[in-house]
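A look at the structure
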Amino acid sequence: MEDFAKKCEVKEDETMGRYVVAAVNIKAGETLLLEQPVLLLANNADRRCSNCHQLTSTFCGKCRLMPLCADCVDHLDLDCQRLAKLELQLEQVQQLAAHPEIVNALKYLLLREHAEMHSQYEELLQMEAHLTRRRGTDIWLNYQKQVIQPLQSAGVLLQLRNGESINEELLQRMLGIADINSFEIRAPELGGSMRGLYVKAGLFVHSCVPNLVAAIDEQRRIKLYANRSIAAGEVLYNCYTNILLGTEERRKILKIGKCFDCQCARCLDPTELGTHMSSFVCVHCAGGYIVKQPVTNVWQCLLNPEHTLKPEFVSNVLERAKEEVFHAHGDIYRLELLLAKLGRLLHGNHYIMLDLKQHIASILRQILQNMAHRPSRKVYERKIRLCQEILLVLKVVVPGISRLKAVALYELSNTQAELARKLFSEQEHNSADLMAELQQTEIMMRESLRMLLYEPICTPEGQLARNMLRELKDLQNDMKLLQQSNPDVVN
């Protein structure tokens, strides 16, 4: 929090609400905030152990309301004791247990119960909930049915401190704050996710071209650092959604989940800063692309505005494409055919095309790692080309320090180095060719490593950085041995 107090200033206006600006000049990579979560929450419909956060179907034997897996004997004593004092019949407990979302509401209410945590509760209540925009929506009605009504009918609320003041409006505010402001964090199981609610981190407003990077370590502590140099007075932006989605997809997620319409530079540019991540091919114009104009919402060709696409056609193509990508998962031949097929309709940088390229590159990585496959030169070259195409887009949408860019750059450099060694061993390249490739690999690996070193050590990206340090050392040893055996290869 000390970094935040020195480097950040909280402001407020009618348009942005509360937001944060840089109080001083900030260097690229500089940390602005390190913060522990006030609350750890399961995703709606998930039930997670209140101690280890593993998925579970069992509950604490003492309080009977908080999930607790078979491997854990207890959870926070203050919470357990307070819930155990509630006068609930077995039927009421079972009724509450049938609604997983209730646990998140109880965690919020327990902050209100404990005097030592009341200041945190009050801070959270100041966060944006967008009640007016959420009122009457499906999510509002769902919380009403799955959380508020069960808590009221079981008589839980009236047994809490000042329980008569805990009405539907307050509960909807709590649940809205969690939905609007929480950060997705890794769950204990592979591929799982949960949510963390952070008081200070939630103050940073959104942009699809952010100047901050958020990273969450194994202790669920969030770190926010600058991805470029930031001048004093600049607004500090974080990104709330997947930066590799197209504009309509990103804006839809932000509208539903965060209740606002993004007006950032990328969202207002029909070409998405020249990347064309949402553009269609114009079949009438050579080199023409059809984009959605932000003001009129009409899909028009940039070369000839008379060439248009109907929104229904665009939606149908994208839905069918997503379905085909899903069914082709893991099948490199189907994925490659689909990439060629969609390339006649979508720009090569379209977000669905990028998704396909990432899938294919991932499968190629597995093939190249298994030497029993005896991969040909074409396999290496295909992965290199895919990495290069993905990097060209990343350099625009995530300029500066970026873990996405760092990982893609590592994949590119690693593959290029392996191909160079293969060609040298097969005598297709000489020592000078190999040295030139290894030198280029070293430059790319150093750049990738430079970006990953800002990530917390005990994250997948942090672990990759540690592995890269060893690989870089091995690479430098290879270059030294090559130079010693062939003194003429340098310069």
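Residues numbered from 1 in each chain as written. Predicted model: local features only at pLDDT ≥ 70, side-chain atom pairs only at ≥ 80, totals over all residues. Heavy atoms only, no water.

Concerning the domain arrangement of the chain
Rules: Either an automatic procedure or a domain database provided the assignment from which the domain bounds are taken. Throughout, a contact is declared for two residues whenever any of their heavy atoms are within 4.5 Å. Buried area: the sum, over both parts, of the accessible surface (1.4 Å probe) that disappears when the two are put together. The salt bridge definition used is simple: a Lys or Arg side-chain nitrogen within 4 Å of an Asp or Glu carboxyl oxygen. Polar contact criterion, stated in full: a pair of N or O atoms within 3.5 Å, where within protein one must be able to donate a hydrogen and the other to accept it, and residues adjacent in sequence count only if both atoms are side-chain atoms. Gly falls in the polar group here, along with every residue not listed as nonpolar (Ala, Val, Leu, Ile, Met, Phe, Trp, Tyr, Cys, Pro) or charged (Asp, Glu, Lys, Arg).
Partitioning the chain into domains gives domain 1 (3-36 + 198-238), domain 2 (39-181) and domain 3 (329-485). Placing the centre of domain 1 and that of domain 2 at their C-alpha centroids yields a distance of 29 Å. Tallying the contact residues gives 6 residues for domain 1 and 7 residues for domain 2. For the pair domain 1 and domain 2, the two sides together bury roughly 590 Å², of which 53% comes from carbon and sulfur. Counting the surface domain 1 buries against domain 2, the share from its top three residues, Arg-18, Val-199 and Arg-220, is 70%. The closest approach of N and O atoms between Lys-200 and Glu-123, which form a salt bridge, is 3.5 Å. In this assembly, domain 1 and domain 2 are joined by 1 residue pair in polar contact (both at pLDDT 80 or more). Residues belonging to the side of domain 1 that touches domain 2 are distributed by class as follows: 2 nonpolar, 1 polar and 3 charged.

Considering the side chain of Lys-383
To be explicit about the condition: Strands here are runs of E lasting at least two residues and helices are runs of H or I lasting at least four, both read from the DSSP assignment and numbered beginning at the N terminus.
Within the secondary structure, Lys-383 is located in helix α14 (residues 377-397). A polar contact of 2.4 Å, which involves the side chain of Lys-383, links it to the side chain of Glu-411.

Let's talk about the nonpolar core
As a reminder of what qualifies: Nine residue types can take part in a nonpolar core, namely buried Ala, Val, Leu, Ile, Met, Phe, Trp, Tyr and Cys, and a core is a set of them joined through side-chain atoms within 4.5 Å. Each residue is assigned to one of three classes by its accessible area relative to the maximum for its type, calculated with a 1.4 Å probe on protein chains only: buried under 20%, partly exposed between the two thresholds, exposed over 50%.
Core analysis: the biggest nonpolar cluster contains 72 residues, and Phe-280, Leu-342 and Ile-352 have the highest contact counts within it. Listed by contribution, the elements that provide at least two residues to this core are β13 (299-301), α11 (311-327), α12 (332-342), α13 (351-369), α14, α15 (403-425), α16 (431-452) and α17 (460-485). One finds Val-103, Leu-109, Ile-148 and Ala-154 within the second-largest nonpolar core, a separate group that totals 49 residues.

Some thoughts on the packing of helix α7 (residues 138-153) against helix α8 (residues 168-181)
Helices that pack against each other are described as a pair by the angle of their axes relative to one another and the distance between those axes. Counted only if it meets this: All axes are obtained by fitting lines to C-alpha atoms, using only the stretch in contact for helices, and the reported angles, taken between N-to-C directions, cover 0 to 180 degrees. Relative orientations are named as follows: roughly parallel for angles under 35 degrees, roughly antiparallel for angles over 145 degrees, roughly perpendicular for angles from 65 to 115 degrees, and oblique for any other angle. Handedness of each helix crossing follows the sense of rotation of the near helix against the far helix: counterclockwise by less than a right angle gives left-handed, clockwise gives right-handed.
Relative to each other, α7 and α8 sit at 115 degrees, their axes nearing to 11 Å. Compared by their axis directions, α7 and α8 come out roughly perpendicular. Here the hand of the crossing between α7 and α8 comes out right-handed. Residues Ile-139, Trp-140, Tyr-143, Gln-144, Val-147 and Ile-148 of α7 pack against Glu-168, Glu-169, Leu-171, Gln-172, Leu-175 and Asp-179 of α8. When its residues are assigned to classes, the contact of α7 with α8 shows 7 nonpolar, 2 polar and 3 charged.

Let's talk about α13
Just so we agree on the cut-off: Residue count minus one, scaled by 1.5 Å, sets the expected span of a helix.
Taking 1.5 Å as the rise per residue, α13 with 19 residues should run 27 Å; its terminal C-alpha atoms sit 27 Å apart, in good agreement. Taken together, the buried positions of α13 are occupied by Tyr-351, Ile-352, Met-353, Leu-354, Leu-356, Lys-357, Ile-360, Ala-361, Ile-363, Leu-364 and Leu-368. In the core, the buried residues of α13 are packed alongside α9 (247-258), α11, α12, α14 and α15.

Side note on helix α2 (residues 77-84)
Within α2 the residues assigned to the buried category are Asp-79, Cys-80, Arg-82 and Leu-83. Tucked inside the fold, the buried residues of α2 contact α4 (102-113).

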